[in-house]
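# Breakdown of the fold
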Amino acid sequence: FPSHDIGCGAGYWTKFLCENSLKVYAIDIIPKPLFEADNFTYLENENDQFNCKNIDTESIDFVFSFGVFCHLSKDACEEYIQDILRVLKRAELQF
């Protein structure tokens, strides 16, 4: 499944996502992590950019973030969440 890591930092948790995902997109404001993986794409945001740029609408199955939202303002968190909702695939409910 395609995954998305917000605030990947040096990529410690992103490595685990890469081992268990078809494709991983990672976003942060720091330079790209040093590790490489065939299924890994790094997208660098500007310091005041709080979105999932360059990720298609409804293309991601799983969004992961470890400890980044506590460092952002309420407005920045809301902006990210709105864009996360855009990129997540819509689940079909089955009863």
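Okay, so let's go over this structure. In this convention, every chain numbers its residues from 1, walking through the sequence in written order. In keeping with the model being predicted, local features are shown solely for residues with a pLDDT of at least 70 and side-chain atom pairs are shown and tallied solely at 80 or more, while totals for entire chains, interfaces and linings include all residues. In computing side-chain values, all of the structure's heavy atoms are included and hydrogens and water are not.

## Overview of the overall build of the protein chain
Where helices and strands are cited, they refer to DSSP runs of H or I of at least four residues and of E of at least two residues respectively, numbered from the N terminus. What the protein chain contains, in helices and strands, is two helices and four strands. The order of helices and strands in the protein chain, counted from the N terminus, is β-α-β-β-β-α. For a compact globule the rule gives 2.2 Å times the number of residues to the power 0.38, and the radius of gyration it is set against comes from C-alpha atoms. Here the C-alpha radius of gyration of the protein chain, 13 Å, is about what a compact globule of 95 residues would show, namely 12 Å. Seen through its C-alpha atoms, the protein chain measures out along the principal axes to roughly 45 × 35 × 20 Å. Note on classification: 1.4 Å probe, protein chains only; a residue is buried when its accessible area is under 20% of the maximum for its type, exposed when over 50%, partly exposed between these limits. Relative to its full complement of 95 residues, the protein chain shows a buried share of 38%. Here the open area of atoms and residues is found with the Shrake-Rupley method and a 1.4 Å probe, where only the protein chains shown may cover a residue. For the protein chain, the accessible area works out to roughly 6,200 Å², and carbon and sulfur atoms hold 55% of it.

## Section: the nonpolar core
We call a set of buried Ala, Val, Leu, Ile, Met, Phe, Trp, Tyr and Cys residues a nonpolar core when their side-chain atoms join them within 4.5 Å. Counting 12 residues, the largest nonpolar core consists of I6, I27, L43, F50, C52, I55, I60, V68, A76, Y80, I84 and V87. No other element matches helix α2 (residues 74-87), which puts four residues into this core. Setting aside residues up to four positions removed in sequence, L43 forms contacts with Y25, A26, I27, D28, K53, N54 and I55. Ranked by size, the runner-up nonpolar core spans eight residues in total, among them L17, A26, F35 and Y42. Contacts are assigned to residue pairs that have any heavy atoms within 4.5 Å of one another.

## Details of the pattern of salt bridges
By salt bridge we mean one thing: a side-chain nitrogen of Lys or Arg within 4 Å of a carboxyl oxygen of Asp or Glu. Tallied over the entire structure, the rule returns five salt bridges. Note that E58 and R90 form a salt bridge whose closest N and O atoms lie 3.7 Å from each other. Pair noted here: E58 is in the loop between β3 (40-44) and β4 (62-64) and R90 is in the segment after α2, with a separation of 32 residues, a long-range link.

## Looking at the side chain of S21
Inspection of the secondary structure assignment puts S21 in the loop between α1 (12-19) and β2 (23-28). The term polar contact refers here to a pair of N or O atoms within 3.5 Å; inside protein, the definition further demands a hydrogen-donor-capable atom paired with an acceptor-capable atom, and it admits residues adjacent in sequence only when both atoms are side-chain atoms. In terms of polar contacts, S21 uses its side chain to reach the backbone carbonyl oxygen of L17, at 2.8 Å.

## Some details on a nonpolar patch on the surface
A contiguous nonpolar patch, built from Y12, W13, F16 and F66 and spanning about 470 Å² of accessible area, is present on the exposed surface. Along the polypeptide, W13 turns up in helix α1. Using a relative accessible area of 38% as the deciding quantity, one classes W13 as partly exposed. The patch calculation keeps residues exceeding 30% relative accessible area without a salt bridge and links them within 9 Å when they carry like charges or within 5 Å when they are nonpolar (Val, Leu, Ile, Met, Phe, Trp, Tyr).

## Notes on the packing of aromatic side chains
In this scheme Phe, Tyr and Trp rings, the latter by its six-membered ring, pair at centre separations within 6.5 Å, and the angle between planes marks the pair as stacked below 30 degrees, edge-to-face above 60, and tilted otherwise. On inspection of all chains with the given rule, the structure shows nine aromatic pairs. On the basis of an interplanar angle of 45° and a centroid distance of 5.9 Å, the ring pair of W13 and F16 is categorised as tilted. Of the two residues, W13 and F16 are both situated in helix α1; the distance of three residues between them amounts to about one turn of the helix. A relative accessible area of 39% places F16 in the partly exposed class.

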